[in-house]
Amino acid sequence: MEQEKENNVKHFLDLIQKSRKGKFKIYIGMSAGVGKTFRMLQEAHTLLKKGIDVKIGYIETHFRKETHELLEGLPVIPRRTLFYKGKQLEEMDVQAIINLRPEVVIVDELAHTNIEGSKNEKRWQDVLEILEAGINVISAVNIQHIESLNEDVKRITNVDVQERVPDNVLRLADEVVNIDLTSEDLIARLKEGKIYTADKIQTALNNFFKSDQILQLRELALKEVAGQVLRKVENEVPKNSALRHEKLLACISSNDKTAKIVIRKAARLASYYNCNWYVLYVETPKESSDKIALDKQRHLINNFKLATQLGAEVIKIQNSNITDAMLKIVEQKNITTVCIGKPHFNLFKVILSTTIFRRLLNSLSLSNVDLVILS
């Protein structure tokens, strides 16, 4: 009875806290030039006409004529000036936004990395601070900047995007809107000089703006927004208690490349099912802190950080038997799906591993736990 009272109070406090936070809207696009900034500025004008106190926190027009013209008549909060390596640079003034307390603030380039010495390393962290202050934020990001899609984007474009936004930031959004264009329309806009200046058009056409690449990025953007809508439905429509609530366990080793693939793909699955998930690393005696190679240790720490950024709880345990350790965590955490990387077997390991693998499969199937092999 006492526990129930405590839970009710906590639930009410959570509701109060949630109502105090600002609302968060994100425009997603498959690439630069689809019209995210243009749409945000259009929305700002509409809100202003309706008497809403809206201000521009940070906008990057990229000198696009149509976009730049839309800035006229909108109140802009001056940027903060910093000197870095002898150069005068500008950043969004987060404190000024919080002090002015507009009802809505427009913040472009969500994936931007702030200048060294700024309070927050990333702009998405600035946005979370503004939301905490009770200010509503409208922002924008391209699909290639979403953390868990990094490997997919690299495969499609052959570019390793460095500026990335954790998936859980997108999950905080109250509304996610996809700005969609056909590849033909986007390429036409590029050729007309509406995205880049004339000297950059041919380079863009030869690299990022290829029709097949645009189509694949467009599919990623559409899937991402569809997933966000599904999560919103699941959160707001009363749940059927008979449904199985998913819990994912992603198992990683010290193999850096495989671990990154497993973490990112498991994050996509967790995002799709809107569920809690864990990343498990079993430290065997041969990889104890005094024996593991320094580069492997560094990669592990980076992968733990990546998993945390993507919303996972990291579990690190010591055990000489990996299968036993996995099954113990599956039972403890009521896991419904276990994700592992594709095994890299050589001839000797096949003989040794087949028995272990069969035992894992048998144990999981008896517990009605799914096993997903991520390649």
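Because the structure is a prediction, the values reported are computed rather than measured.

J.: Talk me through the sheet that holds strand β1 (residues 24-29); I want residue IDs and the actual numbers.
T.: Ordered in space as β2-β5-β6-β1-β7, the five strands form an open sheet in which the pairing is parallel. Single-partner strands in this sheet number two, and they are β2 (54-58) and β7 (175-179). Each adjacent strand pair in this sheet contributes to an overall mean axis angle of 20°, direction not counted. Sheet topology places β1 next to strand β6 (residues 136-142); six bridges connect them, and they run parallel. In the sheet register, Lys25 faces β6, and the bridge partner there is Ile138.

J.: Before we move on, could you go through helix α5 (residues 123-132) and cite the residues and values that matter?
T.: In an α-helix, one full turn covers 3.6 residues, which means residues spaced three or four apart are oriented alike. Burial runs high along α5: seven of the ten residues are buried. Along α5, the positions that sit buried rather than exposed are Arg123, Trp124, Asp126, Val127, Glu129, Ile130 and Leu131. Gly134, located one to two residues past α5, shows a positive phi value of around 85°.

J.: Quick one: what's the story with the side chain of Lys25, residue by residue and with numbers?
T.: You can see Lys25 is positioned in strand β1. Residue classification places Lys25 among the buried residues on the basis of a relative accessible area of 14%. Engagement of the side chain of Lys25 in a polar contact is seen with the side chain of Tyr27, the distance being 3.5 Å. Here Glu43 takes part through its side chain, which lies 3.0 Å from a polar atom of the side chain of Lys25. Apart from residues no more than four positions distant in its own chain, Lys25 is found in contact with Glu43, Val137, Ile138, Ser139, Glu175 and Val177.

J.: Can you break down the sheet that holds strand β10 (residues 313-318) residue by residue, with the values?
T.: With respect to topology, five strands assemble into an open sheet ordered β10-β9-β8-β11-β12, the strand pairing being parallel. Whereas interior strands pair on both sides, the edge strands pair on one side only; in this sheet they are β10 and β12 (370-374). On average, each strand axis in the sheet is inclined to that of its neighbour by 25°, with strand direction left out of account. Sheet topology note: the strand β9 (residues 276-283)/β10 ladder contains six bridges and is parallel. Looking at the pairing, Val279 lines up with Val314 of β10. On the sheet, helix α11 (residues 256-273) packs against β8 (247-252), β9, β11 (337-341) and β12 and is oriented at approximately 175° with respect to β8.

Rules behind the numbers
Residues numbered from 1 in each chain as written. Predicted model: local features only at pLDDT ≥ 70, side-chain atom pairs only at ≥ 80, totals over all residues. Heavy atoms only, no water. Pairing = 2+ DSSP bridges. Helix = DSSP H or I, 4+ residues; strand = E, 2+ residues; numbered from the N terminus. Axes fitted to C-alpha atoms, helices over the stretch in contact; angles between N-to-C directions. Buried < 20%, exposed > 50% of the residue type's maximum accessible area, 1.4 Å probe, protein only. Polar contact = N/O pair within 3.5 Å; in protein donor to acceptor, adjacent residues only side chain to side chain. Contact = heavy atoms within 4.5 Å.

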